[in-house]
Amino acid sequence: SIRGAGLAGSVIQAMLGDQLKNMARSVEAQAFANDTDLYDQVGFYQAELAAGRRVIVVSHSQGNFYANAAHARLSSSSVVTMDRFAIVSVATPASNVATAPIPECDGKCYTSLTTDLIVQGARQVFPDTLAPNVTDLTVVDDDIKSHAFRDAYLASSPARTQIFKQIRGYLG
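These notes cover the structure that comes with them. (Residues numbered from 1 in each chain as written. Predicted model: local features only at pLDDT ≥ 70, side-chain atom pairs only at ≥ 80, totals over all residues. Heavy atoms only, no water.)

1. Quick word on the overall build of the protein chain
Applicable threshold: A run of DSSP states H or I qualifies as a helix once it reaches four residues; a run of E qualifies as a strand once it reaches two. Both are numbered from the N-terminal end. When accessible area is computed with a 1.4 Å probe and restricted to protein chains, residues below 20% of their type maximum are described as buried, those above 50% as exposed, and intermediate ones as partly exposed. Contacts: residue pairs with any heavy atoms within 4.5 Å of one another. Here the Shrake-Rupley method, with its probe set to 1.4 Å, supplies the accessible areas, and only the displayed protein chains count as covering residues.
Helix and strand counts for the protein chain come out as six helices and three strands. Mapped from its N terminus to its C terminus, the protein chain presents α and β elements in the order α-α-β-α-β-β-α-α-α. Taken over 172 residues, the protein chain has a buried fraction of 45%. Partitioning the intrachain contacts of the protein chain with sequence separation of at least 6 by distance along the chain shows that 67% fall at a separation of at least 24. Of the roughly 9,100 Å² of accessible surface on the protein chain, 53% is carried by carbon and sulfur atoms.

The following block contains the structure:
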């Protein structure tokens with residue numbers, strides 16, 4: 001069951017079990033091998049970086065897998081340098097954030113709410129999922145799962161503050 005959540009956690013785990021198992025299968029290393037969305041993203045990022053612009057990807061949920069995969073593709077390319085590419089990771093089921101840390105992150109360059117039931121469920125399937133690092137016990141009526149980007153993460157003052165602090169940090 002989801003740690004510390006008792007019966008509610010067991011119910012949530014049962015509800016999300018099949019979805020999370022499917023997600024686990026879809027995020028294997030080869031899942032992105034022929035993904036046209038990833039190719040399109042990498043192409044856009046390469047063009048922006050080649051033009052001398054910064055690229056800050058604010059990735060949410062499974063988008064963090066795409067951001068990490070894009071970072072891997074970009075960093076293996078000799079066309080661009082990675083000093084202008086950053087990832088601000090939100091509600092991540094991933095085990096890492098593939099961007100260089102900055103002082104504004106306090107060693108944790110991601111934002112996951114302790115109340116995010118999707119992240120908690122992902123940790124059951126993916127034990128290496130980054131642990132939630134922002135506590136805000138405010139429950140937003142529109143997002144009981146505390147997972148939506150706007151209705152949970154931007155509505156939460158501590159999460160919003162951390163996300164914007166990281167964006168500003170990467171902007172320099």
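2. Re the sheet that holds strand E2 (residues 85-90)
In plain terms, the rule: Pairing between strands is defined by DSSP: at least two bridges between the two strands are required. Here, axes are lines fitted to C-alpha atoms. For helices the fit covers the stretch in contact, and angles between N-to-C directions go from 0 to 180 degrees.
In space, the three strands of this open sheet follow the order E1-E2-E3, with parallel pairing throughout. Each of the sheet's edge strands pairs with one partner strand only, and the pair in question is strand E1 (55-60) and strand E3 (110-111). In the sheet, E1 pairs with E2 via six bridges, with the strands oriented parallel. Each residue of the ladder has a partner; that of Val55, found in E2, is Phe85. Running at roughly 150 degrees to E1, helix H2 (residues 36-50) makes contact with E1 and E2 of the sheet. The strands that helix H3 (residues 63-75) touches are E1 and E2; relative to E2, the one it contacts most, it runs at about 165 degrees.

3. Notes on the pattern of salt bridges
Two side chains that carry opposite charge are able to pair once their charged atoms sit near each other. Rule in force here: What makes a salt bridge here is a side-chain nitrogen of Lys or Arg within 4 Å of a carboxyl oxygen of Asp or Glu, nothing more.
Taken as a whole, this structure holds three salt bridges when the rule is applied. Glu48 is the salt-bridge partner of Arg53, the closest N and O atoms lying 3.6 Å from each other. Notably, a salt bridge pairs Asp83 with Arg84, separated by 3.8 Å at the nearest N-O pair. Taking relative accessible area as the criterion, Asp83 reaches 58% and is therefore assigned exposed.

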